[in-house]
Amino acid sequence: DAGVIQSPRHEVTEMGQEVTLRCKPISGHDYLFWYRQTMMRGLELLIYFNNNVPIDDSGMPEDRFSAKMPNASFSTLKIQPSEPRDSAVYFCASSFQGKRTEAFFGQGTRLTVV
Amino acid sequence: KQEVTQIPAALSVPEGENLVLNCSFTDSAIYNLQWFRQDPGKGLTSLLLIQSSQREQTSGRLNASLDKSSGRSTLYIAASQPGDSATYLCAVSVKAAGNKLTFGGGTRVLVKP
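None of the values given here were measured: they were computed from a predicted structure. (Residues numbered from 1 in each chain as written. Chains lettered and ligands numbered in written order. Predicted model: local features only at pLDDT ≥ 70, side-chain atom pairs only at ≥ 80, totals over all residues. Heavy atoms only, no water.)

Asks: Looking at this model, I keep getting lost on the overall build of chain B. Mind explaining?
Replies: Looking only at helices and strands, chain B has zero helices and eleven strands in total. Traced from its N-terminal end to its C-terminal end, chain B shows the element sequence β-β-β-β-β-β-β-β-β-β-β. Taking 2.2 N^0.38 as the reference for a compact globule, 113 residues should give roughly 13 Å; the C-alpha atoms of chain B span a radius of gyration of 13 Å, in line with that estimate. The principal-axis extents of the C-alpha atoms in chain B amount to approximately 45 × 30 × 20 Å. Among the 113 residues that make up chain B, the fraction classed as buried is 44%. Long-range contacts, defined here as pairs at least 24 residues apart, represent 54% of the contacts in chain B between residues at least 6 apart. Of the roughly 5300 Å² that chain B leaves accessible, carbon and sulfur atoms contribute 49%. Of the side-chain charges in chain B, 11 are positive and 8 negative, and the distance between the mean point of each set is 6 Å. (Helix = DSSP H or I, 4+ residues; strand = E, 2+ residues; numbered from the N terminus. Rg over C-alpha atoms; globule rule 2.2 N^0.38 Å. Buried < 20%, exposed > 50% of the residue type's maximum accessible area, 1.4 Å probe, protein only. Contact = heavy atoms within 4.5 Å. Areas by Shrake-Rupley, 256 points an atom, 1.4 Å probe, with all protein chains shown as cover. Lys, Arg positive; Asp, Glu negative; His and termini not counted. Charge placed at Lys NZ, Arg CZ, Asp CG, Glu CD.)

Encoded structure:
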């Protein structure tokens, strides 16, 4: 398997624009997580899905953020409208519910909102 | 609420010295503890996973121990090399919370040649 795949790797957008981040989890994994990493706050969980169903979105900072998982192989994180304080690296991770439940991360999307 | 702390935040050692990285967590009811490596501008690479029933895991020069009762884990890297320079993050999961990970702030390691 190619691992968790995120796109784009880098995104620069103007304030007020809509941004969509994409993630393809590892095949067979039943959990998908979206994290955000900043210098000030470190790695924070935004939302996670189990079998394509959102379980906990308490980490989503504002209503401007939304996430979907239409099927087991694809998820999106959307920010609308984007603001400069949304600038961060966004990571997607997936895992399989089992004895080990090791989480595997994508390479991240570096978002810059100007 | 689970809190994970990593001390020190940064560490510099000469090549060949053993590295000792510390991680502490406030809620001992964890499911797994995972150590990651992150290179600048890159994603997270899983190094070791310790299940709650285990006390340690080893992979090559890496050894991680877990003491659930005291809320601590230690990552040992033997005979450090310049290529070990990176940020090391520990994270704990709670089964009841869907195995979501709570991360520490990381320890930035520099191994000097």
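And the narrative resumes.
Asks: It is not clear to me how unusual backbone geometry should be interpreted in this structure. Could you clarify?
Replies: A negative phi angle is the norm for most residues apart from glycine, just as the trans form is the norm for most peptide bonds. That bond from Q80(A) to P81(A) is cis: its omega, -10°, falls within 30 degrees of zero. In this structure, P81(A) sits in the loop between β8 (74-79) and β9 (88-95). Residue P8(B) is bonded to the preceding I7(B) through a cis peptide linkage, with omega at 5°. With respect to the secondary-structure elements, P8(B) resides in the loop between β1 (4-7) and β2 (10-14).

Asks: Would you mind going over the state of the cysteines with me for this structure?
Replies: A covalent bond between the sulfur atoms of two cysteines is referred to as a disulfide. Residue and element names in this part refer to chain A. Applying the stated criterion across every chain, the model contains two disulfides over all chains. Across a sulfur-sulfur distance of 1.9 Å, C23 and C92 are joined as a disulfide pair. As the torsion about the S-S bond is roughly -65°, the C23-C92 disulfide counts as left-handed. Remark: C92 occurs in strand β9 and C23 occurs in strand β3 (residues 19-24); sequence separation between them is 69 residues. Classification of C92 by relative accessible area gives buried; the value is 0%. (Disulfide = S-S within 2.5 Å.)

Asks: Sorry, what's going on with the nonpolar core here?
Replies: Nonpolar side chains tend toward joint burial in soluble globular proteins. Membership of the largest hydrophobic core comes to 22 residues, with the highest contact counts inside it found for F25(B), L33(B), W35(B), L75(B) and Y88(B). C23(A), I26(A), I79(A) and C92(A) belong to the second-largest nonpolar core, a separate cluster that totals 21 residues. (Core = buried A, V, L, I, M, F, W, Y, C linked by side-chain atoms within 4.5 Å.)

Asks: Help me understand the sheet that holds strand β3 (residues 19-25) of chain B, please; the structure alone is not making it clear to me.
Replies: All names here are of chain B. Pairing is antiparallel in the open sheet, where five strands are placed in the order β1-β3-β8-β7-β6. The open sheet has two free edges, formed respectively by β1 and β6 (56-59), since each of these has just one partner strand. Across the sheet, the mean angle from the axis of one strand to that of its neighbour is 15°, orientation sign disregarded. The pairing of β6 with strand β7 (residues 62-67) spans four bridges and is classified as antiparallel. Each bridged residue has a counterpart across the sheet, and for T58 the counterpart in β7 is N63. (Pairing = 2+ DSSP bridges. Axes fitted to C-alpha atoms, helices over the stretch in contact; angles between N-to-C directions.)

Asks: Sorry if this is basic, but what is going on with the pairing of β1(B) here?
Replies: When a strand is regular, its side chains alternate between the sheet's two faces. All names here are of chain B. In β1, alternate side chains face the same way, and those of V4 and Q6 are buried while those of T5 and I7 on the opposite face are not. With four bridges joining them, β1 and β3 adopt antiparallel strand pairing. Paired with I7 across the strands is N22, a residue of β3.

Asks: Which parts of the structure should I look at to understand the sheet that holds strand β1 (residues 5-7) of chain A?
Replies: All names here are of chain A. Pairing is antiparallel across the open sheet formed by four strands, whose spatial order is β1-β3-β8-β7. Of all the strands in the sheet, the pair left with one neighbour each is β1 and β7 (65-71). Between one strand and the next, the sheet's axes are offset by a mean angle of 15°, whatever the strand orientation. Sheet analysis places β1 next to β3, joined by three bridges and oriented antiparallel. Across the sheet, residue I5 finds its bridge partner in β3, namely K24.

So, to be careful, I would describe these as geometric facts and stop short of saying anything about function.
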